[in-house]
Amino acid sequence: MKCVVISDTHGMYRELAIPEAEVFIHAGDILGRGKLSELTEFNTWVGTLPHRHKIIIAGNHDWCFERSERESREILTNAVYLKDELVEIEGVKFYGSPWQPAFFNWAFNLSRGSELKEKWDLIPGNIDVLITHGPPAGILDTVMDGSNVGCEELIKAVNRIKPQYHLFGHIHEGYGIRVLEGCTHINASITTERYLPTNKPVVFSINE
């Protein structure tokens, strides 16, 4: 199964050339200001993509999914929205979750430690592709000052779950791919630390 993943488009998704694949995935921070009107525009755009399956999760900029979840789900008719949920496509299990360690006053923020652990404990152990908005601690999570800001509880969950792929974004500076202990981690942030949408979508294949 061929997949393409992007993240952190911040409303600039129309500037991208999306490669062909069976599954299109957006790992959050879809919108600029997180308004329902922006989501309506995104839904129209994603409906034009030729991919047979489309999966999205929310990010910290996607306020409408936190403040108006019912309305957001109703608007998003052209993709599957995952919030601590699983979808199985042709035998491949995808699980998506929007949470990340608290950073200023953004959407889907939780305190480090027990609050985040409670969310990651919901993830079953037979997932092929894990999609979170933020990175795990120590993996593609380094910011400009050299600090690592990923979630400590998330890396524990990844080690428990052992997915084939872990997809995320959030930390623009961390764009890239790293393989550790059999899991391919992909930070798919399209925008750079200067919010320029110049990073390329990442294509990968899943062994069914």
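Residues numbered from 1 in each chain as written. Predicted model: local features only at pLDDT ≥ 70, side-chain atom pairs only at ≥ 80, totals over all residues. Heavy atoms only, no water.

**Q** What am I meant to see in the pairing of strand S10 (residues 165-168) here?
**A** Each regular strand shows side chains that alternate between the opposite faces of the sheet. Burial along S10 is two-sided: Tyr-165 and Leu-167 and His-166 and Phe-168, pointing in opposite directions, are all buried. In terms of handedness, the path from strand S9 (residues 129-132) via helix H5 (residues 152-161) over to S10 forms a crossover that is right-handed. Pairing of S10 with strand S12 (residues 183-187) involves 4 bridges; the strand directions are parallel. Of the residues in S12, the one forming a bridge with Leu-167 is Ile-186. (Buried < 20%, exposed > 50% of the residue type's maximum accessible area, 1.4 Å probe, protein only. Helix = DSSP H or I, 4+ residues; strand = E, 2+ residues; numbered from the N terminus. Right-handed = clockwise from strand over helix to strand, strands pointing away. Pairing = 2+ DSSP bridges.)

**Q** Any chance you could explain helix H1 (residues 36-48) here in plain terms?
**A** Three- or four-residue spacings in an α-helix give side chains the same orientation, since the helix completes a turn every 3.6 residues. With 13 residues, H1 extends 19 Å between its outermost C-alpha atoms, agreeing within 8% with the 18 Å of an ideal straight helix rising 1.5 Å per residue. Taken together, the buried positions of H1 are occupied by Glu-38, Leu-39, Phe-42, Asn-43, Trp-45 and Val-46. Buried residues along H1 cover an arc of 165° about the axis, so they all sit on one side. (Expected span 1.5 Å × (residues − 1). Arc of directions from axis to C-beta.)

**Q** Would you mind going over the sheet that holds strand S2 (residues 23-26) with me for this structure?
**A** Neighbouring strands of a sheet are bound in pairs by backbone hydrogen bonds; such pairs are parallel or else antiparallel. One open sheet holds the 5 strands; their spatial order is S4-S3-S2-S1-S13, and the pairing between them is mixed. Here the strands that pair on one side only, and so sit at the sheet edges, are strand S4 (80-81) and strand S13 (202-205). Relative to S13, strand S1 (residues 2-6) is paired through 4 bridges, and the arrangement is antiparallel. Bridge assignment links Cys-3 to a residue of S13, and that residue is Phe-204.

**Q** Please explain the nonpolar core as it appears in this structure.
**A** One broad rule of soluble globular proteins: the nonpolar side chains tend to lie buried together. Ranked by internal contacts, the top residues of the largest apolar core, which has 43 residues, are Phe-42 and Phe-65. Mapped by element, the contributors of at least two residues to this core are S1, H1, helix H2 (63-67), helix H4 (114-120) and H5. Per-element tally for this core: the top contributor is H5, with 5 residues. If we skip the residues at most four places from it in the chain, Phe-65 touches Leu-39, Ile-56, Ala-58, Ser-72, Leu-76, Tyr-81 and Phe-108. By size, the runner-up hydrophobic cluster in this structure holds 22 residues, among which are Met-1, Ile-55, Leu-82 and Ile-131. (Core = buried A, V, L, I, M, F, W, Y, C linked by side-chain atoms within 4.5 Å. Contact = heavy atoms within 4.5 Å.)

Geometric descriptors of this kind do not, in isolation, establish any biological role.
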